[in-house]
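# Notes for the structure review
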Amino acid sequence: MQFDPRDDLRHRPAQGKRMRGSLFWEVVAPEEQIGMQVYLYLNDRGRAGYNVVVWGPEAEPLALHLGSGRISDSADLEHLEFDGLSLRQYEPLYACTLAYQRENLVAHNGFRTH
């Protein structure tokens with residue numbers, strides 16, 4: 001299967017159909033006993049949401065943030081700003097930056113695949 005840079009963008013449903021696209025990131029730093037996950041979804045009716053969770057050595061998360069709301073129909077995943085979450089895919093299929101700032105949590109990371 002061959003992927004195209006457009007595969008990293010928001011998908012649109014076929015006429016009369018529904019859809020929900022989602023992205024997931026996970027970062028684990030075992031030396032620091034910390035991990036973080038970010039899950040983002042968008043649907044074809046303008047709804048979007050996310051969860052940002054930071055885990056430590058305890059059973060309960062150090063931080064758990066949930067966001068939900070509406071996005072414009074023209075919003076895409078090339079550059080998305082939504083409720084404290086910022087996504088920039090500057091090299092589709094290979095690299096992006098993800099930043100989050102809300103309440104007591106600030107995170108910024110770049111992700112790269114090969």
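Our structure is the block above this text.
The sections below set out a description of the structure shown in this document. (Residues numbered from 1 in each chain as written. Predicted model: local features only at pLDDT ≥ 70, side-chain atom pairs only at ≥ 80, totals over all residues. Heavy atoms only, no water.)

### Side note on the sheet that holds strand S4 (residues 63-70)
Within the open sheet, the 4 strands sit side by side as S1-S2-S3-S4. Their pairing is antiparallel. A strand with exactly one partner marks an edge of an open sheet, and here the two such strands are strand S1 (20-29) and S4. Averaged over all pairs of adjacent strands, the angle between strand axes in this sheet comes to 5 degrees, irrespective of strand direction. Here 8 bridges tie strand S3 (residues 47-55) to S4, and the two strands are oriented antiparallel to one another. Following the sheet pairing, Arg47 is matched in S4 by Arg70. (Pairing = 2+ DSSP bridges. Helix = DSSP H or I, 4+ residues; strand = E, 2+ residues; numbered from the N terminus. Axes fitted to C-alpha atoms, helices over the stretch in contact; angles between N-to-C directions.)

### Quick word on the packing of aromatic side chains
A full pass over the atoms with the stated rule returns 3 aromatic pairs. Between Tyr50 and Phe82 the ring centres are 5.9 Å apart and the planes differ by 90 degrees, which places this aromatic pair in the edge-to-face class. Remark: Phe82 occurs in strand S5 (residues 79-82) and Tyr50 occurs in strand S3; sequence separation between them is 32 residues. There is no split in this pair, since Tyr50 and Phe82 are both buried. Ring geometry for Tyr50 and Tyr100: centres 5.6 Å apart, planes at 75 degrees, overall edge-to-face. Of the two residues, Tyr50 sits in strand S3 while Tyr100 sits in strand S7 (residues 95-102), which places them 50 residues apart along the sequence. Ring pairs connect the aromatic residues Tyr50, Phe82 and Tyr100, which therefore count as one cluster. (Phe/Tyr/Trp six-rings, centres within 6.5 Å; stacked < 30°, edge-to-face > 60°. Buried < 20%, exposed > 50% of the residue type's maximum accessible area, 1.4 Å probe, protein only.)

### Considerations on the pattern of salt bridges
Side-chain pairing between opposite charges can occur once the charged atoms of the two side chains come close. This model, assessed by the stated rule, comprises 3 salt bridges. One salt bridge connects Arg45 with Asp44, and the closest N-O pair in it is separated by 3.1 Å. Given a relative accessible area of 41%, Arg45 falls into the partly exposed group. Of the residues examined, Asp44 reaches a relative accessible area of 25% and is grouped as partly exposed. Salt-bridge contacts for Asp83 lead to Arg102; the nearest nitrogen and oxygen are separated by 3.5 Å. Of this pair, Asp83 sits in the loop between S5 and strand S6 (85-91) while Arg102 sits in strand S7, and the two are 19 residues apart along the sequence. By relative accessible area, Arg102 is classed as partly exposed at 21%. (Salt bridge = Lys/Arg side-chain N within 4 Å of Asp/Glu carboxyl O.)

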